[in-house]
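# Notes for the structure review
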Amino acid sequence: MTMSNFNSSDIAAFKDVWVFCEQREGKLMPTDFELISKGRDLADELGVNLCGLLLGDNVEGLAKELGGYGADKVYVCESPLLKVYNTDAYTKVICDVIEELKPEAFLIGATNIGRDLAPRCAARLHTGLCADCTHLDVEMTNYKDFLREASTLPEDKIEKVGTAMVLGEKRDVAKDLKMTRPAFGGHLMATIFCPRFRPCMATVRPGVMKKNEFNQAKADACEIVKPAFQLAESDIETEVVEVVKAAKKLVDLIGADFIVSVGRGISKDVEGGIKLAEELAEVLGGVVGGSRATIDSGWLSADHQVGQTGKTVHPKVYVALGISGAIQHKAGMQDSECIIAVNKNDTAPIFEIADYGICGDLFKVTPMLIEAIKAVKA
Ligand code: FAD
């Protein structure tokens, strides 16, 4: 069967929510736990199993940990040819296993590897992919009503398109994955469904979904399954000659509890502004982030960027120094537990979401904050 020729009964054959569990050098990635946790909620809503899909060489030992965050089952595919990520090999194995076992939803972290892998798999499986999602839900959807609300199509077109979306009389109302992502430069959120093809695929931004508490009993109960697959050297058209790691250690914004971010407000003394942010981050035990303005100006490297096209963070405390609070910046930090903003303009939008707002010059306020925190700690 080619995946492009689905009808309603084909769709009904697809069950379970799957998460691609990325490992590098035998270590699971933080995104795996976030997606397994979110996948658990979705699978419960759909009344199906949550399964991890883990590829690599000698990686079976990692599988139970995924159970501890919510996976009922982990499919493990092992081969020396899967030891290091390779687009050809991973795409072939994943698509073969999916065609055999038919998950209804397939989630992949929007990491560098995930962004490479997901579109390849979606194209080969002839299904839809919503890239870079920030929210996932399951919704009972009547597509005709959905179109009436969300579009300006005339009634005769709604009847036609809506019927096509639910594949005729068998699925008037469908329980489908509802995927949300920022669109048009973050000015609106797009809601995307994939009603006619399976699996419904989504990549999800790292750091967006909250991970569950680890549960040892669930880890012990997690089933490990090794599906059959074929993979030969001749399936792989590229050769990994060498893996060169970035010489510089990248800042870990996603895992940080305290982030001090700087914006264009440091422009009158860039070096001094960054030094102040570093000092404040150090007394808090955190790291330095930045708005895109600071990255575009070359003041900080790209790994420091917070926001829609940077990292999504939710630390315990986020300090914004000289950041206006553009919608694209807020998109990456508004879920922080506590936001402290320092800005000399009292109408700056960052104050709308700040828990504590200090209207003043960051070059005067930040040294006072540093001293105050040192005094509390002493
Ligand atoms: P500005 O908007 O210039 O704000 C500087 C602020 O500093 C002002 O509010 C000013 O009052 C204050 N200030 C100046 N001097 C001082 C001082 N001495 N003390 C205190 N305050 C002072 N932006 C991101 O950050 N992250 C993203 O991921 C991102 N993605 C984008 C994606 C798209 C498609 C687009 C179109 C834009 C994106 N942007 C992103 C850019 C975003 O729209 C803003 O341009 C950017 O966030 C502005 O950065 P800023 O707040 O540092 O600078």
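Criteria and thresholds
- Per chain, residue numbering runs from 1 following the sequence as it is written.
- Whole-chain, interface and lining totals are the exception, using all residues; otherwise, since this is a predicted model, local features are given only for residues with pLDDT of at least 70 and side-chain atom pairs are given and counted only at 80 or more.
- Side-chain metrics in this entry use all non-hydrogen atoms of the structure; hydrogen atoms and water are not considered.
- UniProt positions are given in the numbering used here, feature names are shortened, and annotations may be inferred rather than shown by experiment.
- Here, strands pair whenever DSSP counts at least two bridges between them.
- The secondary structure listing takes helices from DSSP runs of H or I that are at least 4 residues long and strands from runs of E that are at least 2 residues long, numbered from the N terminus.
- Where helices are involved, their axes are fitted lines through C-alpha atoms of the stretch in contact, as for all axes, and angles between N-to-C directions lie from 0 to 180°.
- Working rule for contacts: check all heavy atoms of both residues, and any pair within 4.5 Å makes them a contact.
- Using only the protein atoms, space was sampled on a 1 Å grid; points where a 1.4 Å probe fits but cannot get out form cavities, open sets with protein on both sides within 12 Å along at least five of seven lines form pockets, and lining residues are those with an atom within 4 Å of a point.
- Grid points are joined across faces, edges and corners, and a volume is the space filled by probe spheres set on the points.
- Note on residue classes: Ala, Val, Leu, Ile, Met, Phe, Trp, Tyr, Cys and Pro are nonpolar, Asp, Glu, Lys and Arg are charged, and everything else, Gly too, is polar.
- For each residue, the test is whether any non-hydrogen atom lies within 4 Å of the molecule or strand; if one does, the residue is near.
- Under this definition, polar contacts are N or O atom pairs within 3.5 Å; protein pairs additionally need one hydrogen-donor-capable and one acceptor-capable atom, and for neighbouring residues in sequence, both atoms have to be side-chain atoms.
- Criterion for pocket placement: a molecule counts as inside a cavity or pocket if more than half of its atoms are within 2 Å of its grid points.

For the protein, an unreviewed UniProt entry supplies the name Electron transfer flavoprotein subunit alpha and the organism Pusillibacter faecalis. The protein has a UniProt comment under Sequence similarities (unreviewed entry) that states "Belongs to the ETF alpha-subunit/FixB family."

### Some words on the sheet that holds strand E6 (residues 105-109)
Judged by pairing direction, the sheet is parallel, and its seven strands sit side by side in the order E7-E11-E6-E1-E4-E5-E12 without closing on themselves. The open sheet is flanked by strand E7 (129-133) and strand E12 (223-225), the only strands paired with a single partner. Across the sheet, the mean angle separating the axes of adjacent strands is 25° when strand polarity is ignored. The pairing of strand E1 (residues 17-21) with strand E4 (residues 50-56) spans five bridges and is parallel. Residue Cys 21 lies in a different strand from E4, and its bridge partner there is Leu 54. Against the sheet, helix H5 (residues 112-125) makes contact with E1, E6, E7 and strand E11 (200-204), and its axis sits at roughly 170° relative to E11, the strand it touches most.

### Description of the layout of surface pockets
Space inside the second largest pocket adds up to approximately 510 Å³. Considering the residues around the second largest pocket, the lining is formed by 27 residues, among which Arg 264, Gly 265, Gly 322, Ile 323 and Ser 324 are closest to the centre. If you list the elements that add at least two residues to the lining of the second largest pocket, you get helix H10 (292-296), helix H11 (327-333), strand E16 (338-343) and helix H13 (362-377). Residue contributions to the lining of the second largest pocket peak at three residues, all from H10. Looking at the lining of the second largest pocket residue by residue, the classes come out as seven nonpolar, 14 polar and six charged.

### As for the site of the ligand
Taken together, the neighbourhood of the ligand is formed by 26 residues, with Ser 291, Thr 309, Ser 324, Gln 328 and Asn 343 sitting nearest. Arg 264 has a polar side-chain atom sitting 2.8 Å from an oxygen atom of the ligand. In the model, an oxygen atom of the ligand is placed 2.7 Å from a nitrogen or oxygen of the Asn 343 side chain. Taking a 2 Å distance to the grid points as the criterion, the majority of the atoms of the ligand fall inside the second largest pocket. Residue assignment for the shell around the ligand shows that the elements contributing at least two residues are H10, H11 and H13. Tallied by class, the residues present in the shell around the ligand amount to six nonpolar, 16 polar and four charged.

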